[in-house]
Amino acid sequence: LPVYVEILSQLKQAGSESVQMDEPILVLDRAADGLEDVFRSAYAILARESPKIVLTTYFGRLGQALTYVKDLPVWGVHVDLSERGGGGGDVLSQLGEVVHAILPTPLVLSLGLVSGRNVWKADLASALEKVRYTLQHLGAGRVIVATSSYLLHIPVTPASADRPSTSQLDWLSFAVEKASVVETLARIATAGYVHGSNNHDQKASTPYP
């Protein structure tokens, strides 16, 4: 823990505004029972010296651990909303649980909408439905659109893959394309939200420039 504190402190002093802390263990059943005290004490220490922390979960559903994750001294929480990230349950149900839990808090919610584990194109209509639902409940200032996880499992571009055919490319989406989809989702959702609210100062965020 002291090493993390030192590194996070150095990042803050260097001008970093936020950091992503990956905690995939939180999607396991055991996270609800044996880890609450560990997370509360650890993040109470980390938050003192760190830039804004985005606590990141993936590869499963953030279940009972949500009861204490929502109270941790972090800036935001990331959840995996890809089909496989839903933990076998309904992804919209998971989203509703998370939104309801963090609604009374100032937490930002990062939506992992574009799968980081497969090479298939995202369902844009389904992703936009989730974004708009979250915007309606949390407001644009508390929503980030992102991939479900890191993208190291997939090729960077079609050029780096094993010569996919033209017909195959119609179904495929690699790291560069997925990053572009995230930006597109944020722009479309922002435009719709701003138009509906008539507030031109609000916009959804994206981790990509």
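Report on the accompanying structure. Just so we're clear, the structure is a prediction, and the values are computed from it rather than from any experiment.

So, on to the layout of surface pockets. Its volume calculated, the largest pocket comes out at about 380 Å³. For the lining of the largest pocket, the secondary-structure elements that each account for two or more residues are β4 (108–114) and α6 (124–138). Sort the elements by how many residues they give to the lining of the largest pocket and α6 lands first, with three residues. Looking at the lining of the largest pocket residue by residue, the class counts come to seven nonpolar, four polar and six charged.

Evaluation of the coordinates by the stated rule reveals five aromatic pairs. Between Phe-39 and Tyr-68, the aromatic rings sit 6.3 Å apart at their centres with planes inclined by 45°, giving tilted as the arrangement. Here the residue Phe-39 occupies a position in helix α3 (residues 36–49), and Tyr-68 occupies one in helix α4 (residues 66–69), the gap between them amounting to 29 residues. Accessibility expressed as a relative area gives 6% for Phe-39, which makes it buried. A ring pair is formed by Phe-59 and Tyr-150, whose centres lie 6.0 Å apart and whose planes are at 85°; its orientation type is edge-to-face.

Burial analysis of strand β5 (residues 143–147) places five of its five residues in the buried class, which makes it a mostly covered element. Taken together, the five bridges between β4 and β5 define a ladder with parallel strand orientation. Across the sheet, Gly-112 pairs through a bridge with Ala-146, a residue of β5. Viewed along the sheet, the connection from β4 through α6 into β5 turns out right-handed.

How each quantity is defined
- Residues numbered from 1 in each chain as written.
- Predicted model: local features only at pLDDT ≥ 70, side-chain atom pairs only at ≥ 80, totals over all residues.
- Heavy atoms only, no water.
- 1 Å grid on protein atoms, 1.4 Å probe; cavity = no way out; pocket = protein on both sides within 12 Å on 5 of 7 lines; lining within 4 Å.
- Points joined across faces, edges and corners; volume = space filled by probe spheres on them.
- Helix = DSSP H or I, 4+ residues; strand = E, 2+ residues; numbered from the N terminus.
- Nonpolar A, V, L, I, M, F, W, Y, C, P; charged D, E, K, R; others polar.
- Phe/Tyr/Trp six-rings, centres within 6.5 Å; stacked < 30°, edge-to-face > 60°.
- Buried < 20%, exposed > 50% of the residue type's maximum accessible area, 1.4 Å probe, protein only.
- Pairing = 2+ DSSP bridges.
- Right-handed = clockwise from strand over helix to strand, strands pointing away.

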